[in-house]
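The primary structure of each chain is shown beneath.
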Amino acid sequence: MADNAANTQIMTVVVTGASGRTGSRVAQAARAAGLTVRAASRAQGFDWEDPTTWARTLRDADAAYLMYPSDVGSPAAVEGIGALAREAVGLGVRRLVMLSARGEEQALATEEALKASGADWTVVRATWFAQNFSEGPLVEGLSHGELVFPAGEVKEPFVDVRDIADVVVAVLTAGERYVGRTVELTGPRLLSFREAVAEISAATGTKLTYTPVPARAYGETLTGFGVPPEEAEFLVEVFEGLLDGRNAHLTDGVRQVLGREPRDFADFVREAAAAGTWKG
Ligand SMILES: NC(=O)c1ccc[n+]([C@@H]2O[C@H](COP(=O)([O-])OP(=O)(O)OC[C@H]3O[C@@H](n4cnc5c(N)ncnc54)[C@H](OP(=O)(O)O)[C@@H]3O)[C@@H](O)[C@H]2O)c1
């Protein structure tokens, strides 16, 4: 315990995606735990697509939180995570915690690339974020009254990104305990996208609808919005797999690591509505 406490005092953690949904909360939780945070996104000169920017970000740090932009299962993520993890280990930054996606088969290769680097790794596999409804591409549809998405009536255990961040920091400050382990995180309740939208509708007092569409039709919409065809095709494959019901079960990763229950979707909705999210 004393060792962990001492570690906490001195630990500098590189937080990739620090301006994004998970990274911003990881940075916040890490600072609250007394860690020194080195934010790493393009604003700080760190670019996943430019390996010459990696060493100066990593040097002299003790650990890193790795999230790959866009999608953890993309071919670029397999390459990028593997190469950066090897470089980090070479620089003595051995403790790496990576965000992955539960049920996404394409993400397994990225997890393997991390493990093969020789790092002291932990994989944090999360399910669909609650904050997908409040930050990111789904918000625009909701602000116009309709969410069009290829999730059918499947149930998801939406997880709050603040719980992901709390777990990442707990894992980082727990000494060796989570080294070489995969932690799976879900929220406490299964909800369909239709039910999730209905909860947002009730909390905001506005009429919001959910319209399920086939993944392929959704991919065509993405292409229409300028997403490159190969990227849209990749996302179609990911959605077809991920949203087939395989994630319709709860796991107790949050309770195991944090000793408390995960935040409920209703709490997220109440807070986001009070903050003015979804006001068209
Ligand atoms: N959405 C979900 O439900 C879900 C569930 C499980 C796992 N995941 C995984 O979570 C990851 C996304 O995490 P997130 O939602 O926290 O991220 P996010 O909110 O989409 O933010 C992306 C972050 O990456 C940075 N970034 C973008 N391009 C970059 C580049 N070329 N080099 C360096 N930084 C770059 C962005 O900052 P700048 O633009 O300032 O550089 C931003 O901080 C993906 O790997 C996804 O597969 C998502």
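Residues numbered from 1 in each chain as written. Predicted model: local features only at pLDDT ≥ 70, side-chain atom pairs only at ≥ 80, totals over all residues. Heavy atoms only, no water.

The full count for this structure, using the stated rule, is 18 aromatic pairs. When the centroid spacing of 5.9 Å and the interplanar angle of 65 degrees are considered together, the rings of tyrosine 218 and phenylalanine 239 count as edge-to-face. With a gap of 21 residues between them, tyrosine 218 in helix 9 (residues 215-224) and phenylalanine 239 in helix 10 (residues 229-242) connect regions that are remote in the sequence. (Phe/Tyr/Trp six-rings, centres within 6.5 Å; stacked < 30°, edge-to-face > 60°. Helix = DSSP H or I, 4+ residues; strand = E, 2+ residues; numbered from the N terminus.)

Inspection of every chain in the model, using the stated rule, returns 20 salt bridges. Between arginine 125 and glutamate 111 there is a salt bridge; the shortest N-O distance is 2.8 Å. Here arginine 125, found in strand 5 (residues 120-126), pairs with glutamate 111, found in helix 5 (residues 107-116); they are 14 residues apart in sequence, far enough to count as distant. With a shortest N-O distance of 2.6 Å, glutamate 271 and arginine 162 are connected by a salt bridge. Taken together, the residues span a long stretch of sequence, with glutamate 271 in helix 12 (residues 265-274) and arginine 162 in helix 7 (residues 161-172) at a distance of 109 residues. By sharing partners, the salt bridges in this structure join Asp163, Asp166, Arg260 and Arg263 into a single network. (Salt bridge = Lys/Arg side-chain N within 4 Å of Asp/Glu carboxyl O.)

Right, let's get into the sheet that holds strand 1 (residues 12-16). Here we have six strands laid out as an open sheet, ordered 2-1-3-4-5-8, and parallel in their pairing. Each of the sheet's edge strands pairs with one partner strand only, and the pair in question is strand 2 (36-40) and strand 8 (181-185). Between one strand and the next, the sheet's axes are offset by a mean angle of 20 degrees, whatever the strand orientation. Both strand 4 (residues 95-101) and strand 5 contribute to a ladder of seven bridges, which runs parallel. Bridge assignment links serine 100 to a residue of strand 5, and that residue is arginine 125. Set on the sheet, helix 2 (residues 21-32) makes contact with strand 1, strand 2, strand 3 (63-66) and strand 4; between it and strand 1 the angle comes to about 165 degrees. (Pairing = 2+ DSSP bridges. Axes fitted to C-alpha atoms, helices over the stretch in contact; angles between N-to-C directions. Contact = heavy atoms within 4.5 Å.)

On to unusual backbone geometry. Backbone geometry at aspartate 60 places phi at a positive 70 degrees, although glycine is not the residue there. Counting through the fold element by element, aspartate 60 comes out in the loop between helix 3 (54-58) and strand 3. Classification of aspartate 60 as exposed rests on a relative accessible area of 65%. Backbone geometry places tryptophan 278, a non-glycine residue, at a positive phi of 75 degrees. (Buried < 20%, exposed > 50% of the residue type's maximum accessible area, 1.4 Å probe, protein only.)

Function cannot be inferred from these measures alone, as they are strictly geometric.
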